[in-house]
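For reference, the chains in residue letters:
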Amino acid sequence: MMAKLSTEDLLEQFEGMTLIELSEFVKAFEEKFDVTAAAPVAAVAVGGPVAAEAVEEQDEFDVILDGAGDKKIQVIKEVRALTSLGLKEAKDLVDTAGAKVLEKVAKDVAEKAKAQLEGAGAKVTVK
């Protein structure tokens, strides 16, 4: 039988988790106990060290191609300019809805890539 953890023990465990790990825990908790913990988690995220971590956490962004639009050739050219992909790989990426063009890049790089792709007629999301 496992020893029961005190509230302080649990808080120490959560303190050591990244925001992503904490989010995954909350999902698992919600599924296991069939509850929604959105409001309490939001309250926790607003105050204390978790909020500071959230600001630091989002320093890497993914540039996701949602759709090529009408000018597919232009979009393929921009994808090739942004990546080291060859023509066939870039075309395959453009043909795949929701494909990541760039992963874990700085915000300015992501914004620039989004502007370039949108300039070519693509629909782009930065996450």
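Below, the structure is looked at part by part. (Residues numbered from 1 in each chain as written. Predicted model: local features only at pLDDT ≥ 70, side-chain atom pairs only at ≥ 80, totals over all residues. Heavy atoms only, no water.)

Counting through the fold element by element, Asp 62 comes out in strand β1 (residues 61-67). Within the structure, the side chain of Asp 62 is placed 3.3 Å from the side chain of Lys 100, a separation counted as a polar contact. Polar contacts involving the side chain of Asp 62 include one to the main-chain amide nitrogen of Lys 104, which spans 2.9 Å. The contact partners of Asp 62, leaving out residues within four places of it in the chain, are Lys 100, Leu 102, Glu 103, Lys 104, Thr 125, Val 126 and Lys 127. (Helix = DSSP H or I, 4+ residues; strand = E, 2+ residues; numbered from the N terminus. Polar contact = N/O pair within 3.5 Å; in protein donor to acceptor, adjacent residues only side chain to side chain. Contact = heavy atoms within 4.5 Å.)

This brings us to a nonpolar patch on the surface. Among the surface-exposed residues, Phe 25, Phe 29, Phe 33 and Val 35 lie close enough to one another that they form a single nonpolar patch of about 350 Å² accessible area. Mapping Phe 33 onto the fold places it in helix α2 (residues 19-33). (Patch = residues over 30% accessible without salt bridge, like charges linked within 9 Å, V, L, I, M, F, W, Y side chains within 5 Å. Areas by Shrake-Rupley, 256 points an atom, 1.4 Å probe, with all protein chains shown as cover. Salt bridge = Lys/Arg side-chain N within 4 Å of Asp/Glu carboxyl O.)

Positive phi is not limited to glycine here, since Lys 104 has a value of about 50 degrees. Its location among the elements puts Lys 104 in strand β2 (residues 99-105). With a relative accessible area of 59%, Lys 104 lands in the exposed category. (Buried < 20%, exposed > 50% of the residue type's maximum accessible area, 1.4 Å probe, protein only.)

Position of Asp 108 among the secondary structure elements: in helix α7 (residues 107-119). Exposure remark for Asp 108: the relative accessible area of 57% places this residue in the exposed category. Sequence spacing of Asp 108 and Phe 61 is 47 residues, and the spatial spacing of their C-alpha atoms is 9.5 Å.

The next point concerns a negative patch on the surface. On the surface, a cluster of negative charge is contributed by Glu 8, Asp 9, Glu 12 and Glu 15. Tracing the backbone shows Asp 9 in helix α1 (residues 7-15). (Lys, Arg positive; Asp, Glu negative; His and termini not counted. Charge placed at Lys NZ, Arg CZ, Asp CG, Glu CD.)

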